[in-house]
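Read off the chains here:
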Amino acid sequence: REFSSQPPCVILGTMWAWVPWMLPLLYKFGLAVLPAKPENISCIFYYKKNFTCTWSPEKEANFTRYTVKRTYLYGRVSDTCNSTSESGSSCSFTYPSISVPDNSTIQVKAQNADGIIESDITHWHLSTVIKTEPPQISSVKPVWGIKRMVQIKWARPVLAPVHSTLKYTLRFRMVNSAHWMEVNFMEDVVREETFNLTGLQAFTEYIIALRCVAKGSRFWSDWSLEKMGITEEEVPHRLDLWRVLRPAKVDGRRPVQLLWKKAKGAPVLEKALGYNIWYFPENSTNLTETVNTTNQQLELYLGGKTYWIYVISYNSLGESPEATLRIPAIDEKSFQCIEAMQASLTQDHLVVEWRSSALEVDTWIVEWVPDRDSEPTTISWESVSGARNWTIQKDELKPFWCYNISVYPMLGDRVGEPYSIQAYVKEGVPSVGPVTKAENIGVKTVTITWKEIPKNERNGFINNYTVFYQAEDGKEFSKTVNSSILRYNLESLTRKTSYTVQVMASTSAGGFNGSSINFKTLSVSVFEIFLRTSLIGGGLLILIILTVAYGFKKPNKLKRLCWPSVPNPAESSIAMWHGDDFKNKLNLKFNDSVNPEEDRILKLCSAPSDLIDKLVVTFENVLEEVSTEEPENGQENILGGEKNEYTTSPYRPYCTPVSTEAPSRRSQHLCSGVPVGTCSEAREQHLHPAQSLGPDHFCEHGAPNPYLKNSVTTREFLVSEKLPDQTQGEP
């Protein structure tokens, strides 16, 4: 009443005064984390050892102490055991404070720095949680005279209730198998710890193990140590027989490789001392041939007919049943009934499935062979009945190896046409890359070719090839093609540029690059060279055609242009002139009425008396002038009225051609290379044209010069004596 009678402001002030004291307490309670409540309590009574209980959770974030409280002797006595979160969530009560039969209660208390929490109380009847030691197998042996059976003997566990009946589980498997089989049985009343395991295979090793459980308990003992035993040997089983047919030889003989092995399900340890094989042509048993061998294959050379082959194996106990095989004739056509086939991979198996249109075919032979380049092939096969699929464990095939798998249909004793596929149990990246080469290098194109990777190096199915190419200091490009293509044409390249190329082969697991190669594009293509050559050659051909046509049209002009007429001094008659005859021929008469532009006479030019001149006339330095004009206006030729033909030479010392012109026209002197005195005398004579010249002024009397009869191309004129006085013959 006193508090309620206080004013509101006083009450609020009092409450705010308590806040600083309450906040630490609230913060502490907010951060407190109690241990998890123990749950899933489970207890096992290890007979005459301990009574152990476990719970969850197994670990705590903070340090936790556990206390397990037990009541026993039907609740009259209690005790505890302790453990921590560091040692694990379990606790044991040791023997001898444990007795059977008895009922116990278990409660677990967990405590940490923040508090305590307890589990629910659980009740346990010890006879239901007893776990004994495993039995100990003493022997596994066959019984003489009883086939396909072994007898197991063991010792009863020492730590097992004496007055309780034990239940046993025996498990067994063949040595080469991972599949266990189990047999359950109760302990014999007379406590004879033996058991006869029947229904086994002959001459086969088995692995045996035992465990037991007390009657009424739900906990089995651990498995005993494994023990191995073997069944008795029997006569061999029927063999699995197969063949490989090869092409016939030139002489008509046909190689046939026979293969056989132990049938599926035959004893693993079954051994044969040898094999007997006999064969004969169909319907000709009198031609039977017999072969004995210890190998599991045989090469036969048969004729072109149908043959029957029989094979048996034998050991010390007897012979196996006959295995029969029919070899068809060469010209016999086999039937075909498999329409499709595929292979798929599961986690641990390779599965091959096929589809057939022949319902009457129910037996198949599956053949698988490694597809390798270098290693010899090992042929494996297996018979399949009542199914259209075949399964093999991956461990039986090698990874990264390609296998050729073929399925043969069997109809009675006839073998049909096989259907084949390839498969890998595991694919990897190729071990090497393709070997690359550049061909047909052009200006802007090139053909890249590569070889297939060897089968041993593929490690999987090649899905595609990728061509990488890059110009020098340029960007890299790539082209991808499928696995059936081994060449690719690169286009739109740059002229006269270096490129780097490499090819990558890819499987489903990845790709591997081959070695890179370099090439350089051409600056001029073959087509361009051909085009230029064709244009030049065509132009020359047109020119030749035009020239030939012009020659046919004007043959003389073309002849003079190409082959000019050169006088042959050896055929000249001037060398044969003598004495007066020569002088008479040189009596020149001049007609005053001659046209000054057309007159041509020899203007005499004397040489010094001591000049010896050699004249060389060649086709290259001779100026030939031939005048074939007809005499006009009463003009006469100076050499007997014949056509005026003469040759001038720049080295002639005594004769130069001159012209006689009218008084209004000045004469030109052609005296190149002649001494100055000689030419001056010639000018004087030109100024006195009325003076007569004697024949002695031209040449000296004597024998003809022999050099005039030398080669047409080269002649020498030798003047061995002094020329006559240049005034000779003057009036």
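Residues numbered from 1 in each chain as written. Predicted model: local features only at pLDDT ≥ 70, side-chain atom pairs only at ≥ 80, totals over all residues. Heavy atoms only, no water.

Student: Help me get a handle on the overall build of the protein, residues and values and all.
Tutor: Broken down by element type, the protein carries 6 helices and 44 strands. Taken across its 731 residues, the protein has 35% of its residues classed as buried. Sequence-distant contacts, at least 24 apart, represent 64% of the contacts inside the protein between residues at least 6 apart. Looking at the protein as shown, the accessible area adds up to about 44800 Å², and 53% of this sits on carbon and sulfur atoms. (Helix = DSSP H or I, 4+ residues; strand = E, 2+ residues; numbered from the N terminus. Buried < 20%, exposed > 50% of the residue type's maximum accessible area, 1.4 Å probe, protein only. Contact = heavy atoms within 4.5 Å. Areas by Shrake-Rupley, 256 points an atom, 1.4 Å probe, with all protein chains shown as cover.)

Student: So what's going on with the side chain of Asp-371? Which residues, and what values?
Tutor: Relative to the assigned elements, Asp-371 resides in the loop between strand S27 (363-370) and strand S28 (380-385). Side chain to side chain, Asp-371 and Gln-422 meet in a polar contact 2.9 Å long. Beyond its immediate sequence surroundings of up to four residues, Asp-371 is in contact with Cys-402, Tyr-403, Asn-404, Gln-422 and Lys-455. (Polar contact = N/O pair within 3.5 Å; in protein donor to acceptor, adjacent residues only side chain to side chain.)

Student: Please set out the nonpolar core residue by residue, giving values where relevant.
Tutor: Residues Phe-51, Ile-106, Ile-152, Leu-170, Leu-197 and Ile-208 are the most contacted members of the largest nonpolar core, which totals 42 residues. Considering every element that reaches this core, the biggest residue donor is strand S15 (residues 205-214), with 5 residues. Counting residues in each nonpolar core, the second largest holds 22 residues, with Leu-397, Tyr-403, Val-407 and Ala-423 among its members. (Core = buried A, V, L, I, M, F, W, Y, C linked by side-chain atoms within 4.5 Å.)

Student: Could you give me a rundown of the state of the cysteines, with the residues and numbers involved?
Tutor: This structure, assessed with the given rule, holds 2 disulfides. With a sulfur-sulfur separation of 2.0 Å, Cys-43 is cross-linked through a disulfide to Cys-53. Here Cys-43 and Cys-53 share a disulfide; its torsion about the S-S bond, 105°, makes the bridge right-handed. You can see Cys-43 sitting in strand S1 (residues 39-46) and its partner Cys-53 sitting in strand S2 (residues 50-56), a full 10 residues away along the chain. We classify Cys-43 as buried; its relative accessible area is 0%. Residue Cys-81 pairs covalently with Cys-91 via a disulfide, S to S 1.8 Å. Of the two residues, Cys-81 sits in strand S4 (residues 77-84) while Cys-91 sits in strand S5 (residues 90-94), which places them 10 residues apart along the sequence. Accessibility classification places Cys-81 together with Cys-91 in one group, the buried group. Going through the protein in sequence order and numbering each bonded cysteine, the pairs you get are 1-2, 3-4. (Disulfide = S-S within 2.5 Å.)

Student: Please give an account of the sheet that holds strand S21 (residues 297-302) that cites residues and values.
Tutor: Here we have 3 strands laid out as an open sheet, ordered S17-S18-S21, and antiparallel in their pairing. Edge strands, defined here as strands with exactly one partner in the open sheet, are strand S17 (239-245) and S21. Across the sheet, the mean angle from the axis of one strand to that of its neighbour is 25°, orientation sign disregarded. Pairing analysis gives 6 bridges linking strand S18 (residues 254-262) to S21, with the strands arranged antiparallel. Residue pairing for S21: Leu-259 is matched across the bridge by Gln-297. (Pairing = 2+ DSSP bridges. Axes fitted to C-alpha atoms, helices over the stretch in contact; angles between N-to-C directions.)

Student: Which residues make up the environment of Glu-232, and what values do they have?
Tutor: Checked against the element boundaries, Glu-232 lands in the loop between strand S16 (227-230) and S17. Overall, the relative accessible area of 11% leaves Glu-232 in the buried class. Considering only alpha carbons, one finds Glu-232 and Thr-204, 28 residues apart in sequence, at a separation of 7.7 Å. Those residues within four positions of Glu-232 in sequence are excluded, and the remaining contacts are Pro-142, Val-143, Trp-144, Gly-145, Ile-146, Lys-147, Ala-202 and Phe-203.

Student: Describe the packing of aromatic side chains, with residues and values.
Tutor: Geometry of an aromatic ring pair is reported as the spacing of the ring centres plus the angle between the planes. Within the structure shown, the criterion is met by 17 aromatic pairs. Note on Tyr-424 and Phe-461: the rings are 4.8 Å apart at their centroids and 90° apart in plane angle, and the pair reads as edge-to-face. Within this pair, whereas Tyr-424 is found in the loop between strand S32 (419-423) and strand S33 (436-439), its partner Phe-461 is found in the loop between helix H2 (455-458) and strand S35 (464-471), the two being separated by 37 residues in sequence. Residue classification places Tyr-424 among the buried positions, given a relative accessible area of 7%. For Phe-461, a relative accessible area of 29% gives the class partly exposed. A network of ring pairs unites the aromatic residues Trp-154, Tyr-168, Phe-185 and Phe-195 as a single cluster. Above the ring of Trp-242, the side-chain terminus of Arg-243 is found at 4.7 Å from the ring centroid. (Phe/Tyr/Trp six-rings, centres within 6.5 Å; stacked < 30°, edge-to-face > 60°. Lys NZ or Arg CZ within 6 Å of the ring centre and 35° of its normal.)

Student: Mind laying out unusual backbone geometry, listing which residues take part and the relevant values?
Tutor: Looking along the chain, the bond that leaves Ser-56 and enters Pro-57 is cis, with omega of 5°. Of note in the backbone geometry, Phe-203 takes a positive phi value of approximately 50° without being a glycine. With respect to the helices and strands, Phe-203 occurs in the loop between strand S14 (194-198) and S15. Positive phi, close to 60°, is recorded for Ser-492, a residue that is not glycine. On the secondary structure map, Ser-492 appears in the loop between strand S37 (487-490) and strand S38 (498-507).

Student: Just give me the short version of a nonpolar patch on the surface, but keep the residues and values in it.
Tutor: The grouping of Phe-527, Phe-530, Leu-531 and Leu-535 at the surface amounts to a nonpolar patch, some 480 Å² of accessible area in total. Along the chain, Leu-531 falls in helix H3 (residues 526-553). With a relative accessible area of 40%, Leu-531 lands in the partly exposed category. (Patch = residues over 30% accessible without salt bridge, like charges linked within 9 Å, V, L, I, M, F, W, Y side chains within 5 Å. Salt bridge = Lys/Arg side-chain N within 4 Å of Asp/Glu carboxyl O.)

Student: Let's hear about the side chain of Glu-187: which residues, and what values?
Tutor: Note on placement: Glu-187 falls in the loop between strand S13 (181-186) and S14. Separated by 2.6 Å, the side chains of Glu-187 and Arg-156 make a polar contact. Ignoring any residue separated from it by four or fewer positions in sequence, one finds Glu-187 in contact with Arg-156, Ser-164, Thr-165, Leu-166, Tyr-168 and Glu-193.

Student: Outline the UniProt feature "transmembrane region" (unreviewed entry) in the protein, listing residues and values.
Tutor: The sites that UniProt annotates as "transmembrane region" (unreviewed entry) are residues 529-552. With 100% helix and 0% strand, residues 529-552 has end C-alpha atoms that lie 34 Å from one another. (UniProt positions renumbered as here; feature names shortened; annotations may be inferred.)

Student: Before we move on, can you summarise H3 with the specific residues and values?
Tutor: For H3, spanning 28 residues, the distance from its first C-alpha to its last is 40 Å, which sits close to the expected 40 Å at 1.5 Å a residue. Taking burial as the measure, the 28 residues of H3 include 1 buried ones, a minor fraction of the element. (Expected span 1.5 Å × (residues − 1).)

Student: Run through the environment of Glu-439, naming residues and quoting values.
Tutor: Structurally, Glu-439 can be placed in strand S33. For Glu-439, a relative accessible area of 25% corresponds to the partly exposed category. With sequence-adjacent residues up to four places away left out, Glu-439 is seen in contact with Val-446, Thr-447, Thr-449 and Arg-487. Of note is the side chain of Glu-439, whose polar atom sits 3.4 Å from the side chain of Lys-437.

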